[in-house]
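# Examining the three-dimensional arrangement
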Amino acid sequence: MNAVKIRGLEVWACHGVHADEKKQKQKFIFDCELETDFYHGAKKDDLAGTLNYSAVCDLLVETARSNTFNLIETLAYTGVYAIFKAFDTQKITLSVYKPQAPVKHPFNTVGVTVGVECETVYLSLGSSQGDKKAYLDNAIKALKKTDGIKVKKVSSYIETEPYGGVAENGFLNCAVEIQTILTPKQLLEEIHRIEAENGRRREVRWGDRTLDIDIVFFGNKIIDEPDLVVPHADYLNRNFVLEPLKEIAPNFVCPDSSKKVKDLPLL
């Protein structure tokens, strides 16, 4: 594992629950570890082939100084999201310490640690009501704006017949490749938020809908929980899922079948 490490970065900023903490600057200390592949940077002795720790420090300082939060937990997550957005790294571990916290007992420091890992995820999007293209466009824009998500690829939009015997309207579908540091459950929460913001109502199973977003693959994870099954339980039977995936991820190896997407048969 290659990692860039930053230890003891000091920042004076205003964060805390109490009113005086929001006005009087206090010292915060950051420790950060970023897993990244800098083999070629080391081989060529070239900064462009690694992660610039000075730029990471600048970003953390700016994040701390330009915001005011009640919780150092929020400060830590905001720092992680900023690093993920700005740099190419597979894992981020960020600790934030507050040595001057208002604690009525002798102590050295208090702090929190956030650890995240980047995964490649494939989503299937569909709409069968209203301005279908607008709903898909809005969903992709919302994904791009969501903390912890990078949209990497979007397939062509395709028109498909309704599936499941309940919906009556034709669908517009696409697939999206994202990179995310959210957990599967956190991503599902954000998906439900985006669906709701676009008028999704969960009243009739498989009925017509303004927007539907499904997690098809979440890296190589296999999940079987009451509210989340990954890979998607029915993806092999859905041409409207497979056709867009074949366009943007033909060589992705399905974790349940060990087959490449391009080799999966259409029905």
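So, how was this worked out
Residues numbered from 1 in each chain as written. Predicted model: local features only at pLDDT ≥ 70, side-chain atom pairs only at ≥ 80, totals over all residues. Heavy atoms only, no water. Helix = DSSP H or I, 4+ residues; strand = E, 2+ residues; numbered from the N terminus. Buried < 20%, exposed > 50% of the residue type's maximum accessible area, 1.4 Å probe, protein only. Polar contact = N/O pair within 3.5 Å; in protein donor to acceptor, adjacent residues only side chain to side chain. Contact = heavy atoms within 4.5 Å. Phe/Tyr/Trp six-rings, centres within 6.5 Å; stacked < 30°, edge-to-face > 60°. Salt bridge = Lys/Arg side-chain N within 4 Å of Asp/Glu carboxyl O. Expected span 1.5 Å × (residues − 1). Arc of directions from axis to C-beta.

Okay, the side chain of threonine 160 next. Looking at where threonine 160 falls in the secondary structure, it is placed in strand β7 (residues 158-160). Threonine 160 gets classed as buried once you look at its relative accessible area, which sits at 16%. A distance of 2.6 Å separates a polar atom in the side chain of threonine 160 from a polar atom in the side chain of asparagine 173. If near-sequence neighbours (up to four positions away) are discounted, threonine 160 is found in contact with Gly170, Phe171, Asn173 and Phe240.

Scanning the model with the defined rule gives four aromatic pairs in all. Chaining the aromatic ring pairs together yields one cluster made of Tyr122, Phe217, Tyr235 and Phe252.

For glutamine 129, the location among the structural elements is in the loop between β5 (119-127) and α4 (132-145). Spatially, the C-alpha atoms of glutamine 129 and threonine 210 are 4.8 Å apart, while their sequence positions differ by 81 residues. Setting aside residues no more than four positions away along its own chain, glutamine 129 makes contact with Tyr135, Asn169, Asp208, Arg209 and Thr210.

This paragraph deals with the pattern of salt bridges. Under the defined criterion, the tally for this structure stands at twelve salt bridges. Here glutamate 21 and lysine 98 are joined by a salt bridge, their closest N and O atoms 2.7 Å apart. Placement of the pair is glutamate 21 in the loop between β1 (3-13) and β2 (26-35) and lysine 98 in strand β3 (residues 91-98), with a sequence separation of 77 residues. Each member of the pair, glutamate 21 as well as lysine 98, is classed as buried. A salt bridge links arginine 209 to aspartate 212, with the nearest nitrogen and oxygen atoms 3.2 Å apart. Considered together, arginine 209 and aspartate 212 belong to a single accessibility category, that of buried residues. Beyond isolated ion pairs, a larger network of salt bridges with shared partners links Lys5, Arg7 and Glu33.

Along its 13 residues, helix α2 (residues 53-65) runs 18 Å from first to last C-alpha, staying within 8% of the 18 Å computed at 1.5 Å per residue. For α2, the complete set of buried residues consists of Val56, Cys57, Leu60, Val61, Thr63 and Ala64. One face of α2 carries all of its buried residues, which in axial projection span an arc of 160°. Of the exposed residues in α2, those oriented more than 90 degrees away from the buried face are Asp58 and Arg65. Turning to α2, the residues buried within the fold contact β1, β2, α3 (72-86) and β3. Of the residues flanking the start of α2, the one acting as N-cap is asparagine 52, its side-chain oxygen 2.9 Å from the backbone nitrogen of serine 54.

To continue, consider the environment of isoleucine 72. Topologically, isoleucine 72 is positioned in helix α3. With 25 residues separating them in the primary sequence, isoleucine 72 and tyrosine 97 have C-alpha atoms 8.0 Å apart. Once you skip the residues sitting within four places of it in the chain, isoleucine 72 turns out to touch Phe28, Val96, Lys98, Gly111 and Val112.

The linkage connecting valine 230 with the following residue, proline 231, adopts the cis geometry, with an omega of -5°. Summarising the element assignment, proline 231 is placed in the loop between β11 (228-230) and α6 (239-248). Phi angles above zero are rare outside glycine, and aspartate 45 is one such case at about 55°. By the element assignment, aspartate 45 lies in the loop between α1 (39-44) and α2. Of note in the backbone geometry, serine 258 takes a positive phi value of approximately 65° without being a glycine. Residue position: serine 258 is located in the segment after α6. Using a relative accessible area of 60% as the deciding quantity, one classes serine 258 as exposed.

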